[in-house]
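The chain contents come next:
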Amino acid sequence: GINTEPFEPYPSVTLGAFPTSVLDMAEAFSVFAAEGVHHPPMYVTKVEAPDGTVVFEDNGRSEQA
């Protein structure tokens with residue numbers, strides 16, 4: 001579940017034979033820091049209009065991994 005691209009079934013995959021992105025690795029290892037809870041990456045958590053009204057706010061989706 002680390003990579004968003006499918007891996008070929010080779011034993012050397014555990015040695016890093018296939019590339020993965022920094023974002024995928026950070027997302028995977030952040031589960032350890034969050035005590036087993038997976039939070040999908042979110043670049044923007046809140047957007048406000050000039051008058052202060054909230055246009056978008058992250059809903060904080062998470063799941064137990």
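Use the structure listed above.
Just so you know, the residues in each chain are numbered from 1, in the order the chain's sequence is written. Residue-level local features of this predicted model are given only where pLDDT is at least 70; pairs of side-chain atoms are given and counted only at 80 or more, and the full residue set underlies all totals for whole chains, interfaces and linings. Side-chain metrics rest on all non-hydrogen atoms present in the structure, leaving aside hydrogens and water.

Trainee: Pulling in residues and values, what's your account of the environment of Y43?
Mentor: For helices the rule is a DSSP run of H or I covering at least 4 residues; for strands it is a run of E covering at least 2, with both sets numbered from the N terminus onward. Looking at the element boundaries, Y43 is found in the loop between β1 (37-38) and β2 (46-48). Owing to a relative accessible area of 68%, Y43 belongs among the exposed residues under this scheme. Note: C-alpha distance between Y43 and D58 (15 residues apart in sequence) is 9.6 Å. When a residue's accessible area, from a 1.4 Å probe over protein chains only, is under 20% of the maximum for its type it is buried; when over 50% it is exposed; and in between it is partly exposed.

Trainee: Give a description of the side chain of H38 that names residues and reports values.
Mentor: Here H38 lies in strand β1. For H38, a relative accessible area of 16% translates into the label buried. Polar contact is the term for a pair of N or O atoms within 3.5 Å; when the atoms are in protein, one must be able to donate a hydrogen and the other to accept it, and sequence-neighboring residues count only if both atoms are side-chain atoms. Only 2.6 Å separates the side chain of H38 from the side chain of E27, close enough to count as a polar contact. Leave out the neighbours within four places in its chain, and H38 touches E27, V31, R61, S62, E63 and A65. Note on contacts: a residue pair qualifies if any of its non-hydrogen atoms lie within 4.5 Å across the two residues.

Trainee: Any details on the pairing of strand β3 (residues 54-57)? Residues and values, ideally.
Mentor: Between any two strands, pairing holds if DSSP finds at least two bridges. As paired elements, β2 and β3 share three bridges and run antiparallel to each other. Residue pairing across strands places K46 opposite E57, the latter belonging to β3.

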